[in-house]
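Chain residues, written in single-letter form:
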Amino acid sequence: MIPGKYRSVSGRAANNVNCGLHLVIQTSSLPEKNKVEFKLNKDTSSFPGRLLQHDLERNYSSRQGDHINLVSSSLSSFPILQRSSEEKILYSDRLSLERQKLTVCPIINGEDHLRLLNFQHNFITRIQNISNLQKLISLDLYDNQIEEISGLSTLRCLRVLLLGKNRIKKISNLENLKSLDVLDLHGNQITKIENINHLCELRVLNLARNFLSHVDNLNGLDSLTELNLRHNQITFVRDVDNLPCLQHLFLSFNNISSFDSVSCLADSSSLSDITFDGNPIAQESWYKHTVLQNMMQLRQLDMKRITEEERRMASVLAKKEEEKKRESHKQSLLKEKKRLTINNVARQWDLQQQRVANIATNEDRKDSDSPQDPCQIDGSTLSAFPEETGPLDSGLNNALQGLSVIDTYLVEVDGDTLSLYGSGALESLDRNWSVQTAGMITTVSFTFIEFDEIVQVLPKLKIKFPNSLHLKFKETNLVMLQQFNALAQLRRIDQLTIDPQGNPVVNFTLWKYYVLFRLSHFSMQKINGTEVTQNDMIMAERLFGILAHVASSELPQYRLISILGDARKKQFRYLLESKGKKPGIINEENNDSKRLVGENTNRATLNYTTRDFYNEKLEELQRRKLCSIYLDGAHRKAEETTYLHNNTTLRSFKRF
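Residues numbered from 1 in each chain as written. Predicted model: local features only at pLDDT ≥ 70, side-chain atom pairs only at ≥ 80, totals over all residues. Heavy atoms only, no water.

In the nomenclature of an unreviewed UniProt entry, the chain is known as Leucine-rich repeat-containing protein 49 of Gorilla gorilla gorilla. Recorded in UniProt for the chain, the comment headed Subunit (unreviewed entry) runs: "Part of the neuronal tubulin polyglutamylase complex which contains TPGS1, TPGS2, TTLL1, LRRC49 and NICN1. Interacts with PCM1; TTLL1, TPGS1, TPGS2 and LRRC49." The annotation that UniProt attaches to the chain under Function (unreviewed entry) is "Subunit of the tubulin polyglutamylase complex (TPGC). The complex mediates cilia and flagella polyglutamylation which is essential for their biogenesis and motility." (UniProt positions renumbered as here; feature names shortened; annotations may be inferred.)

A. Focus on the overall build of the chain. Scanning the chain for helices and strands turns up 12 helices and 29 strands. Here the chain holds 656 residues, and 41% of them are scored as buried. Residue pairs at least 24 apart in sequence account for 51% of intrachain contacts in the chain once pairs closer than 6 positions are excluded. Total accessible area computed for the chain in this model is approximately 36500 Å², and 50% of it derives from carbon and sulfur atoms. (Helix = DSSP H or I, 4+ residues; strand = E, 2+ residues; numbered from the N terminus. Buried < 20%, exposed > 50% of the residue type's maximum accessible area, 1.4 Å probe, protein only. Contact = heavy atoms within 4.5 Å. Areas by Shrake-Rupley, 256 points an atom, 1.4 Å probe, with all protein chains shown as cover.)

B. Structural view of unusual backbone geometry. Phi at aspartate 302 takes a positive value of approximately 55 degrees, unusual for a residue other than glycine. With respect to the helices, strands and loops of the structure, aspartate 302 is situated in the loop between strand 19 (300–301) and strand 20 (304–305). Not every positive phi belongs to a glycine, and glutamate 475 is a case in point at roughly 55 degrees. We classify glutamate 475 as buried; its relative accessible area is 11%.

C. The arrangement of the pattern of salt bridges in detail. The final tally for this structure, using the stated rule, is 11 salt bridges. Between arginine 312 and glutamate 309 there is a salt bridge; the shortest N-O distance is 2.9 Å. Remark: glutamate 309 and arginine 312 occur in helix 3 (residues 308–367); sequence separation between them is 3 residues, near one turn of the helix. Judged by relative accessible area, glutamate 309 falls into the partly exposed class, the value being 44%. For arginine 492, the salt bridge goes to aspartate 494, with nearest N and O atoms at 3.0 Å. Its relative accessible area of 8% is what places aspartate 494 among the buried residues. In this structure, a network of salt bridges that share partners links the residues Arg159, Asp181 and Arg203. (Salt bridge = Lys/Arg side-chain N within 4 Å of Asp/Glu carboxyl O.)

D. Structural view of the environment of threonine 443. Along the chain, threonine 443 turns up in strand 25 (residues 443–447). Threonine 443 sits 24 residues away from serine 419 along the chain, and the two C-alpha atoms are 8.3 Å apart. Other than its neighbours up to four places away in sequence, threonine 443 contacts Asp416, Thr417, Leu418, His470 and Lys472.

E. Broad picture of empty space enclosed by the protein. On inspection of all chains with the given rule, the structure shows 3 cavities of 30 Å³ or more. What the largest cavity holds in volume is close to 80 Å³. As for the largest cavity, its lining consists of Leu461, Lys462, Phe465, Pro466, Ser468, Leu471, Leu490, Arg491 and Arg492. Its residues assigned to classes, the lining of the largest cavity comprises 5 nonpolar, 1 polar and 3 charged. (1 Å grid on protein atoms, 1.4 Å probe; cavity = no way out; pocket = protein on both sides within 12 Å on 5 of 7 lines; lining within 4 Å. Points joined across faces, edges and corners; volume = space filled by probe spheres on them. Nonpolar A, V, L, I, M, F, W, Y, C, P; charged D, E, K, R; others polar.)

F. Structural detail: helix 6 (residues 451–464). Here helix 6 is 14 residues long and its end C-alpha atoms lie 19 Å apart, about the 20 Å a rise of 1.5 Å per residue gives. Considering bend angle alone, the principal kink of helix 6 is centred on valine 457 and spans about 50 degrees; proline proline 459 follows within four residues of it. (Expected span 1.5 Å × (residues − 1). Bend = angle between axes of the 7 residues up to and from the residue.)

G. Up close: the side chain of aspartate 273. Topologically, aspartate 273 is positioned in strand 18 (residues 273–275). The buried charged residue aspartate 273 lacks any salt bridge partner; its closest oppositely charged side chain belongs to arginine 230, at an N-O distance of 7.3 Å. Dropping the residues within four chain positions of it, aspartate 273 is found in contact with Gln247, His248, Leu249, Phe250, Leu298 and Gln300. (Lys, Arg positive; Asp, Glu negative; His and termini not counted.)

H. Summary view of the sheet that holds strand 27 (residues 495–498). Reading across from one edge, 23-24-25-26-27-28-29 is the order of the 7 strands in this open sheet, with mixed pairing throughout. Where the open sheet ends on each side, the last strands, each with one partner, are strand 23 (410–414) and strand 29 (530–531). Two elements, strand 25 and strand 26 (residues 470–474), share 5 bridges in a ladder whose sense is parallel. Bridge pairing in strand 26 places valine 444 opposite leucine 471. (Pairing = 2+ DSSP bridges.)

I. Here's a closer look at the side chain of aspartate 93. Within the fold, aspartate 93 resides in the loop between helix 1 (85–90) and strand 7 (94–96). For aspartate 93, a relative accessible area of 14% translates into the label buried. There is a polar contact of 2.9 Å between the side chain of aspartate 93 and the side chain of arginine 94. (Polar contact = N/O pair within 3.5 Å; in protein donor to acceptor, adjacent residues only side chain to side chain.)

J. Inspection of the pairing of strand 24 (residues 417–421) at higher detail. Burial within strand 24 is extensive, with 5 of its 5 residues counted as buried. Taking every second residue as pointing to the same face, both faces of strand 24 are buried, with Thr417, Ser419 and Tyr421 on one and Leu418 and Leu420 on the other. Here strand 23 pairs with strand 24 via 5 bridges, running antiparallel. Considered in strand 24, the bridge of valine 411 is made with leucine 420.

K. Looking closely at a nonpolar patch on the surface. A surface patch of nonpolar side chains, about 220 Å² in accessible area, is lined by Leu510, Met539 and Leu543. In this fold, leucine 510 is placed in the loop between strand 27 and helix 7 (511–518). Among the residues examined, leucine 510 registers a relative accessible area of 36% and is labelled partly exposed. (Patch = residues over 30% accessible without salt bridge, like charges linked within 9 Å, V, L, I, M, F, W, Y side chains within 5 Å.)

L. Geometry of the nonpolar core. Core analysis: the biggest nonpolar cluster contains 68 residues, and Leu117, Phe119, Leu139, Leu161, Leu249, Leu265 and Phe276 have the highest contact counts within it. The dominant element in this core, judged by the number of residues it contributes, is helix 2 (residues 287–294), at 3 residues. Apart from the residues lying within four places of it in its own chain, the contact partners of phenylalanine 276 are Leu251, Ser252, Ile256, Val262, Leu265, Ile281, Ala282, Tyr287, Val291, Leu301 and Asp302. Core analysis: the second largest hydrophobic core is formed by 46 residues, Trp433, Ile441, Leu487 and Phe517 among them. (Core = buried A, V, L, I, M, F, W, Y, C linked by side-chain atoms within 4.5 Å.)

Next comes the structure, spelled out in structure tokens:
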């Protein structure tokens, strides 16, 4: 009978079976004297040095019998097996026909109780003539020339099928072998694992030395404990984590080059023994630590027992790696949230610009019937977006719907750069910034914010971030040169970057020279990444110096004083008061100050008033005008009333 467990041979041959066979081949139904007898007295190995890790423990007797007859009949093309009564009694459940130079399976009659059948080391090309052996438990056809698995459909009790070292190209015709426990197909020409998902009782599967390039389709093998895939061409492994009982996996001598291609192994909780030797991955310096980090349950790696020190080191590295992954995941989430927020801010910005464009267009149409491009506002070109935008990517759309109100703007500090997205981000300048953080900021970037709104917070920027030297503007509606005048109130600017996107002012040829002239007191070093030269400064003075002089000359003194800052007001008044004094009283320093203040005064007349401020002043002037008109009317009415009253009084007096 078949034993209940299997023994790992690890390269050693299993128990030898000394088959002293008396082979009698009868060529025809002639008298006894025409029989040709061959006596075989030699020791043969039942499983000589095969790669199958677990073999059947055989209980064959050292001698199976002296008389096994294969009778060739003229009525059949197959030899017929005949055993003596003594043989049947002694070995009723087993039969070994190894090394008999058989090319076909003989007809076996009267052996209904046969359970173990051995056809090792023959030349059999096809499995046949065994369908009547329905109690067969073990069938060994190792080292034959079989090309297709067939003829097994009636062997429902079969538990061990050994077909190693044949010519099989495809796993097939195993549908009825649901009780199979061991399947050995090593040394064949199989390219794909298939048609075995129903073998729920299979414990050992040997597919070594085949032509497999990948491992998958293993679902359903719920009892599999050992899988041998040595010496194939495997590059990646899947579905192994779906094998709940797998303990031993042999992947030596394949083409596995990264742990990612076998990452499913990390999810296997039962795996305790694995081999990767002979793969490119085993040559990497990180190989052992990576395997142990991801497969902490392993007891053996590459046939070597894992020590506690190795496990401890792997655990330490695993914790560090886990911390890195968590940090990486956190950064990824923050990066994705940033991306979604910026997309949301950009969308709101475009909608806002479109609304402004529509309002301006409607007002222009009221004043004139001539058509005008709705995307032109004070020279600013905007993207023509409809009120309802087109469909967004489904994932992005879901994420945008989940954003809260705070996600309509973004404030980000990255190293020495403060980035502000959306007008709501300007409120961050009112925060209580730490001295250390505020002192680190040297670059401030504005995106999707109206420049007129930025102008209102420039005094706060100067106070909160005293070391800010580089300003960046993108999508801020810089549309005219006068807007650069507002930057003069800052403490210092070394670099200025104006992105062409959303800032039409850069389309003016002379915009850089105007910036250099108006902000000359900053001695700027770079504009849009280009170094400022002395020739640039000279050209800026030539282009705009006369304009500034004319502008300052035409202004009345009271208006000029209102434009200047407090410090320059005092200096300017001092200069005016010193005009009546003797020339000797004013020293050379005062002369230098006069020249300096004069230059600053010329530029100070080139100021900028935001649209909101201008609108407020305009409304105030309109209110004053209305008040003046009302008062003038009231005054005239009062005069008329007085005149009429006087005339009436005079007439009354004359009557008397």
